[in-house]
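Residue strings, one per chain:
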Amino acid sequence: GAVVSQHPSRVICKSGTSVKIECRSLDFQATTMFWYRQFPKQSLMLMATSNEGSKATYEQGVEKDKFLINHASLTLSTLTVTSAHPEDSSFYICSASSNEQFFGPGTRLTVL
Amino acid sequence: GENVEQHPSTLSVQEGDSAVIKCTYSDSASNYFPWYKQELGKGPQLIIDIRSNVGEKKDQRIAVTLNKTAKHFSLHITETQPEDSAVYFCAASTRITGNMLTFGGGTRLMVKP
């Protein structure tokens, strides 16, 4: 149990385009979903916390207009990186929580 | 806010030896301490956790100890195997439900056959 999926697993895009990443809890309802970013050989950095049906809470330094989060249901949250630039290239990981946090497999974003 | 420090950043052991990773936290209100294993290119996987009302927890070759007074907790892996090689993260949280985790910096464990 407690399976979290992410799609896509890997995406390459041109600078200036937008990319949407989906996070789904497959076998449980997640009251809260979290989005993290991880640069090579570094720890996970929390970007935002989202609860179903309400606006996401962003961590300091994370631009809410650049990283759009939608949490439309208890099993789905999406992160859209708008007008992506090479410095946005990173490993994006979501987690879903009803009690403990369970992590998705991550999405590798490369912006050319 | 919470600050979690993790040591060592890298750890190399011989297969069959034990490995110990230590973390300290700053917020005395933290009451939930999970450990995650992350393999290359994958998301973190919960391997064991401990709550503040328990001092030690064991699951086969993995054990975690918690010292609330000193605000530190440790991961112990016995009889290490090459497949234990990965990056391990400790974390701390002040809430169990819908918890917001603060992660340590990670430990790259290499088990040499």
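This write-up is about the structure you can find in this document. A quick note: this is a predicted structure, and the numbers were derived from the prediction, not measured. (Residues numbered from 1 in each chain as written. Chains lettered and ligands numbered in written order. Predicted model: local features only at pLDDT ≥ 70, side-chain atom pairs only at ≥ 80, totals over all residues. Heavy atoms only, no water.)

**Section: the overall build of chain B**
Summing up its helical and strand segments, chain B has zero helices and 11 strands in all. Against the compact-globule benchmark of 13 Å for 113 residues, chain B has a radius of gyration of 13 Å, which places it among compact chains. By residue count, 43% of the 113 residues in chain B fall in the buried class. A fraction of 54% describes how many contacts in chain B between residues 6 or more apart in sequence connect residues 24 or more apart. Accessible surface computed for chain B: about 5600 Å², of which carbon and sulfur atoms make up 48%. (Helix = DSSP H or I, 4+ residues; strand = E, 2+ residues; numbered from the N terminus. Rg over C-alpha atoms; globule rule 2.2 N^0.38 Å. Buried < 20%, exposed > 50% of the residue type's maximum accessible area, 1.4 Å probe, protein only. Contact = heavy atoms within 4.5 Å. Areas by Shrake-Rupley, 256 points an atom, 1.4 Å probe, with all protein chains shown as cover.)

**Things to note about the side chain of Arg37 of chain A**
Residues and elements named next belong to chain A. Here Arg37 lies in strand β4 (residues 32–38). Of the side chains with opposite charge, Asp88 lies nearest to the buried Arg37, which makes no salt bridge, at 4.6 Å. Sequence-distant contacts of Arg37, that is, excluding residues within four places in its chain, are made with Ser43, Leu44, Met45, Met47, Phe67, Ser90, Phe91 and Tyr92. (Lys, Arg positive; Asp, Glu negative; His and termini not counted. Salt bridge = Lys/Arg side-chain N within 4 Å of Asp/Glu carboxyl O.)

**With respect to the pattern of salt bridges**
Residue and element names in this part refer to chain B. Applying the stated criterion across every chain, the model contains six salt bridges over all chains. The salt bridge partner of Glu39 is Lys42, with a shortest N-O separation of 3.5 Å. In this structure, a network of salt bridges that share partners links the residues Lys37, Glu39 and Lys42.

**Details of the interface of chain B and chain A**
At the interface, 22 residues of chain B touch 22 residues of chain A. Across the chain B/chain A interface, buried area totals approximately 1500 Å², and carbon plus sulfur atoms make up 54% of it. Seen at the junction of chain B and chain A, the total is zero salt bridges. Elements represented by at least two residues in the side of chain B that touches chain A include exactly β4 (32–38) and β5 (45–51) of chain B. Per-element tally for the side of chain B that touches chain A: the top contributor is β5 of chain B, with four residues. Tallied by class, residues from the side of chain B that touches chain A come to nine nonpolar, nine polar and four charged. (Buried area = accessible area lost by both parts, 1.4 Å probe. Nonpolar A, V, L, I, M, F, W, Y, C, P; charged D, E, K, R; others polar.)

**Some words on the sheet that holds strand β1 (residues 4–7) of chain A**
Residues and elements named next belong to chain A. Spatial ordering of the open sheet is given by β1-β3-β8-β7, a layout of four strands whose pairing is antiparallel. Each having just a single partner strand, β1 and β7 (67–73) make up the two edges of the open sheet. The mean angle between the axes of side-by-side strands here comes to 15 degrees, regardless of whether they run parallel or antiparallel. Pairing geometry for β1 and strand β3 (residues 19–25), over four bridges, is antiparallel. From the neighbouring strand, Ser5 faces β3, where its bridge partner is Arg24. (Pairing = 2+ DSSP bridges. Axes fitted to C-alpha atoms, helices over the stretch in contact; angles between N-to-C directions.)

**Some details on the sheet that holds strand β1 (residues 4–7) of chain B**
Residues and elements named next belong to chain B. The sheet built from five strands is open, its strands ordered β1-β3-β8-β7-β6 with antiparallel pairing. Single-partner strands in this sheet number two, and they are β1 and β6 (56–59). Neighbour-to-neighbour, the strand axes of this sheet turn through a mean angle of 15 degrees, independent of strand direction. Where β6 meets strand β7 (residues 62–67), four bridges bridge the pair, whose relative direction is antiparallel. Across the sheet, residue Glu56 finds its bridge partner in β7, namely Thr65.

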